[in-house]
2 protein chains.
Amino acid sequence: MTSATISSEIDRERFAAVGRALADPKRLCVLETLAAGERSVSELSRDVGCQVPNMSQHLAVLRSAGLVATRRDGTTVYYRLADSRVLETYRLIQTLAR
Amino acid sequence: MTSATISSEIDRERFAAVGRALADPKRLCVLETLAAGERSVSELSRDVGCQVPNMSQHLAVLRSAGLVATRRDGTTVYYRLADSRVLETYRLIQTLAR
DNA sequence: TGACTACTTGCGTATTTGCGCAAGTGATGA
DNA sequence: TCATCACTTGCGCAAATACGCAAGTAGTCA
């Protein structure tokens, strides 16, 4: 099939939320880091280069878009990619950006 | 390969521009419409349901992200999807949005 | 219970984005 | 050249977003 299914406005709003999650370089950096394995918030904060509260907010965006998942161990929260399609999508976007 | 390549900040900025282009429901509606074939600005404006200047701005975003291409015929500008990967990416995003 | 670590949330601010409306540009045809 | 159609650009405003900093919450351990 070459033609697209026409979505409802409500569905497009959800799809756009995924787009928004992918619309910030710091969040993309998070995805790249998580591709190597799960990381805590403070680790991500250090690797990406921003403050912990700011990282927490970025992670909330990724999380509510369903791109990352979490696991708690004691006081530490570990984030991971929610699905292999996340990286697949990001790679496609990379090839798309000329 | 499962691990991701770490990009430069400059590259991630370009990738994020693609994300931003995909971050608005009206622009996603444009992509769905263009999946059926090229359309003029006024046609898109009518189909998507917004004013022509607004559509022109949305198209500029999609264009500068490299997602759509144009062809001029007289006074009419026809827009089309720039690449089959655009729709491929959008479909992946659709499956990703739970 | 109290101190500590790890993270989240609230708040104020600067920047960006989407939109409507008006004005500008560019190609066509009388 | 002038009028017209199709589109783009400029401008002002409201809403959304990213950020830093302060405060709050949650789990652990003495």
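Note that this is a predicted model, so its numbers are computed, not measured.

The rules behind these values
Residues numbered from 1 in each chain as written. Chains lettered and ligands numbered in written order. Predicted model: local features only at pLDDT ≥ 70, side-chain atom pairs only at ≥ 80, totals over all residues. Heavy atoms only, no water. Least-squares fit on C-alpha atoms with pLDDT ≥ 70 in both. Contact = heavy atoms within 4.5 Å. Phe/Tyr/Trp six-rings, centres within 6.5 Å; stacked < 30°, edge-to-face > 60°. Helix = DSSP H or I, 4+ residues; strand = E, 2+ residues; numbered from the N terminus. Buried < 20%, exposed > 50% of the residue type's maximum accessible area, 1.4 Å probe, protein only. Axes fitted to C-alpha atoms, helices over the stretch in contact; angles between N-to-C directions. Parallel < 35°, antiparallel > 145°, perpendicular 65-115°, else oblique. Nonpolar A, V, L, I, M, F, W, Y, C, P; charged D, E, K, R; others polar. Near = heavy atom within 4 Å. Polar contact = N/O pair within 3.5 Å; in protein donor to acceptor, adjacent residues only side chain to side chain. Salt bridge = Lys/Arg side-chain N within 4 Å of Asp/Glu carboxyl O.

Engineer: Can you break down the relation of the copies chain A and chain B residue by residue, with the values?
Structural biologist: Its rotation angle being 180°, the transformation that places chain A on chain B also includes 0.0 Å of axial translation and leaves an RMSD of 0.0 Å. Taken together, the rotation angle and the small translation identify this as a two-fold axis. Of the C-alpha atoms belonging to chain A, the one lying closest to the rotation axis is found on A:G19, 2.5 Å away. Counting the interface residues of chain A, we find that 100% of their copies in chain B are interface residues as well, pointing to one common contact surface.

Engineer: Any details on the packing of aromatic side chains? Residues and values, ideally.
Structural biologist: For the structure on display, the rule yields two aromatic pairs over all chains. On the numbers, 6.0 Å between centres and 80° between planes, the contact of A:F15 with B:Y90 is edge-to-face. Taken together, the positions of A:F15 in helix α1 (residues 9-21) and B:Y90 in helix α5 (residues 84-96) put the pair across two chains. The same class applies to A:F15 as to B:Y90, namely buried.

Engineer: Before we move on, can you summarise the packing of helix α2 (residues 25-34) of chain B against helix α4 (residues 52-64) of chain B with the specific residues and values?
Structural biologist: To describe two helices that pack against each other, one gives the angle between their axes and the distance between the axes. Residues and elements named next belong to chain B. Between α2 and α4, the shortest axis-to-axis distance is 10 Å and the interhelical angle comes to 75°. As judged from the angle between their axes, α2 and α4 are roughly perpendicular. Each of K26, R27, V30 and L31 in α2 lies in contact with α4, whose residues at this interface are M55, H58, L59, V61 and L62. Split into classes, the residues belonging to the contact of α2 with α4 amount to six nonpolar, one polar and two charged.

Engineer: Can you explain the protein's contact with DNA strand D? Please cite residues and give values.
Structural biologist: Surveying the vicinity of DNA strand D reveals 23 residues, the closest of which are A:K26, A:H58, A:R72, B:S42 and B:S56. Considering DNA strand D, the proportion of its atoms within 4 Å of the protein that are sugar or phosphate atoms stands at 76%. The contact in question runs from a phosphate oxygen of DNA strand D to an N or O atom on the side chain of A:H58, over 2.4 Å. Residue B:V77 places a main-chain N or O atom 3.4 Å away from a phosphate oxygen belonging to DNA strand D. Within the residue set of the surface near DNA strand D, elements represented by two or more residues are α2 (25-34) and α4 (52-64) of chain A together with α3 (41-48), α4 and β3 (76-81) of chain B. A breakdown of the residues in the surface near DNA strand D according to their chemical character gives six nonpolar, twelve polar and five charged.

Engineer: How would you explain the pattern of salt bridges if you had to name every residue and give the values?
Structural biologist: In a structure, side chains of opposite charge can pair up when their charged atoms sit close to one another. One pass over the full model with this rule turns up 14 salt bridges over all chains. The closest approach of N and O atoms between A:R12 and B:E32, which form a salt bridge, is 3.2 Å. Of this pair, A:R12 sits in helix α1 while B:E32 sits in helix α2, on two different chains. Of the two residues, A:R12 and B:E32, both sit in the buried class. The residue B:E9 makes a salt bridge to B:R12 at a minimum N-O spacing of 3.5 Å. Here B:E9 pairs with B:R12, and both are found in helix α1 (residues 9-21), just three residues apart, close to one helical turn. For B:R12, a relative accessible area of 7% translates into the label buried. Connected through shared salt-bridge partners, A:E9, A:R12 and B:E32 make up one network.

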